[in-house]
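Structural features, examined
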Amino acid sequence: MKTIIKKIDKTQKDTDIIAEAGRILKEGGLVAFPTETVYGLGADALNEDAAKKIYAAKGRPSDNPLIVHIANMEALDKITTSIPAAAKVVADAYWPGPLTMIFDKSEVVPLGTTGGLDTVAVRMPSHEIAREVIEAGGGYIAAPSANTSGRPSPTTAQHVEEDMNGKIDMIVDGGMVDIGVESTILDMTVTPPMILRPGAITREMLEELIGEVSVDKTLINPDSKKAPKAPGMKYRHYAPKAELTIVEGAIQEVVEEINRLTKEKMEAGCKVGIIGTEETIGQYVAGDVKSIGTRENEATIASHLYGILREFDNDGVDYIYSEAFATAGIGSAIMNRLLKAAGHHVIHMESDT
């Protein structure tokens, strides 16, 4: 399969590219396109054979559910059996945007799209190109991240090309995405509603609207027989090729420990990558040091996370050491992704003070 790559300016409408993407989707093909979170790999969500192509292209386990992307609220009625009042309140505030909600599904949504579940995850992206592609493709587009399963998610079309070239029909290049981590997933089929994956829409933001919101703190073991209710709950995700370790504690102790570990690995002939911030990169004395952003604005850290992990892949490092980050706001999503990428390998520095 030859993958078509078409660049589009998100400030200008290119009807020919959008129409071509829509035709491919309606014919059961696969199209990658930008959203405000990460690039998605789209297929007709109501076509079970098309959904199966997503799993094959990504190497994704078939019990890992796909998110159905829509472009307007009216589309929700066809694919759900009921919409709780709280969901309508949340949708009024945060749709379109980086939020996925889980509902009881209608019969029109095939089990091949939902990973065998009777629930369906739905999102309405705010990215203009994404919305145009969804509408052109029939209004219901299943779109997990457009990467090989388990790899860092793509935040540019070049990342998609690295993983998907020759496996999918088309890549719509809309430049770098804005947010850089996947949407918040909120399960509306339970009381109180439960966050299954943190993202840019935080628990605090949701509780201001609808009251109590719980957070799923459990981690499903890789050998669990239980089907995940949302993408990213069960399987290793976002992982670079190198072994990633997070070092947590007082920042000065963290820097010293990463320097010590880097020296040890380099003396053993290994190549080491370091994830620092604008505030700390000058304190690292060796290794392949990259700034992920500034702690003063953690949105910059989120937007660069996956790109930096992919850069280390290209650099051929053997080990990566990363600072930990605060878990308030979008920091919760950052640490969720980092921990999964590291396989929960964390060194905790104990301060003497």
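**Some thoughts on the overall build of the protein**
Within the protein one finds 11 helices and 16 strands. Each principal axis of the C-alpha distribution contributes one length, and for the protein these read about 60 × 50 × 40 Å. Intrachain contacts of the protein at a sequence separation of at least 6 include 69% that bridge at least 24 residues. Of the roughly 14500 Å² that the protein leaves accessible, carbon and sulfur atoms contribute 49%. Each charge class in the protein can be summarised by its mean position, and for the 36 positive and 52 negative side chains these summaries are 6 Å apart.

**Re the sheet that holds strand β12 (residues 243-248)**
Within the open sheet, the 5 strands sit side by side as β14-β13-β15-β12-β16. Their pairing is parallel. With one partner strand each, in any of the chains shown, β14 (288-291) and β16 (346-348) form the two edges of the open sheet. Averaged over all adjacent pairs, the angle separating strand axes in this sheet is 20°, with direction ignored. With 5 bridges connecting them, β12 and strand β15 (residues 319-323) associate as parallel partners. Counted as the bridge partner of Ile246 is Ser322 from β15.

**Overview of the environment of Val38**
Residue placement: Val38 occurs in the loop between β2 (31-34) and β3 (39-44). What makes Val38 buried here is its relative accessible area of 5%. Sequence-wise, Val38 and Ala51 are 13 residues apart; in three dimensions their C-alpha atoms are separated by 19 Å. Not counting chain neighbours up to four residues away, the residues in contact with Val38 comprise Phe33, Ser145, Ser153, Pro154, Thr155, Val177, Gly180, Val181, Glu182 and Tyr306.

**Some points on the packing of aromatic side chains**
Working definition: an aromatic ring pair is given by the centre-to-centre distance plus the angle between the planes. Under the defined criterion, the tally for this structure stands at 1 aromatic pair. Seen from the ring of Phe312, Lys290 lies directly overhead, with NZ or CZ sitting 5.3 Å from the centre.

**Considerations on the pairing of β14**
Only one face of β14 is buried: it carries Asp288 and Lys290, and the other face, with Val289 and Ser291, is open. In the sheet, strand β13 (residues 272-276) pairs with β14 via 4 bridges, with the strands oriented parallel. Along β14, the bridge assignment pairs Ile274 with Val289.

**Notes on the sheet that holds strand β6 (residues 119-123)**
Pairing is mixed across the open sheet formed by 11 strands, whose spatial order is β1-β8-β2-β3-β7-β4-β6-β5-β9-β10-β11. Two strands close off the open sheet at either side, each with one partner strand: β1 (4-7) and β11 (214-215). Along the sheet, helix α7 (residues 157-164) contacts β1, β2, β3 and β8 (170-173); its crossing angle with β8, the most-contacted strand, is approximately 165°.

**Regarding the environment of Glu20**
Relative to the assigned elements, Glu20 resides in helix α1 (residues 15-26). By relative accessible area, which is 18% here, Glu20 ends up buried. Glu20 sits 66 residues away from Ala86 along the chain, and the two C-alpha atoms are 37 Å apart.

**Some remarks on the pattern of salt bridges**
Under the counting rule described, the total for this entry stands at 17 salt bridges. Residue Arg23 pairs with Glu27 through a salt bridge whose shortest N-O separation is 3.2 Å. Classification of Glu27 by relative accessible area gives exposed; the value is 58%. Taken together, the shared-partner salt bridges in this structure form one network comprising Arg151, Glu162, Asp163, Arg310 and Asp313.

**Thoughts on the pairing of strand β9 (residues 184-187)**
On a regular strand, one side chain projects to one face of the sheet and the next to the other, so that they alternate. Side chains of β9 alternate between two faces, with Thr184 and Leu186 and Ile185 and Asp187 buried alike. Of the strand pairs in this sheet, strand β5 (residues 99-104) and β9 are connected by 4 bridges, and their pairing is parallel. For Ile102, the partnering residue across the bridge sits in β9 and is Asp187. As judged from the 3 bridges shared by β9 and strand β10 (residues 194-197), these two strands associate in the antiparallel manner. Opposite Leu186, over in β10, you have Ile195 as the bridge partner. Between β9 and β10, which pair antiparallel and follow one another directly, the connecting turn spans 6 residues.

Conventions we followed
- Residues numbered from 1 in each chain as written.
- Predicted model: local features only at pLDDT ≥ 70, side-chain atom pairs only at ≥ 80, totals over all residues.
- Heavy atoms only, no water.
- Helix = DSSP H or I, 4+ residues; strand = E, 2+ residues; numbered from the N terminus.
- Contact = heavy atoms within 4.5 Å.
- Areas by Shrake-Rupley, 256 points an atom, 1.4 Å probe, with all protein chains shown as cover.
- Lys, Arg positive; Asp, Glu negative; His and termini not counted.
- Charge placed at Lys NZ, Arg CZ, Asp CG, Glu CD.
- Pairing = 2+ DSSP bridges.
- Axes fitted to C-alpha atoms, helices over the stretch in contact; angles between N-to-C directions.
- Buried < 20%, exposed > 50% of the residue type's maximum accessible area, 1.4 Å probe, protein only.
- Phe/Tyr/Trp six-rings, centres within 6.5 Å; stacked < 30°, edge-to-face > 60°.
- Lys NZ or Arg CZ within 6 Å of the ring centre and 35° of its normal.
- Salt bridge = Lys/Arg side-chain N within 4 Å of Asp/Glu carboxyl O.

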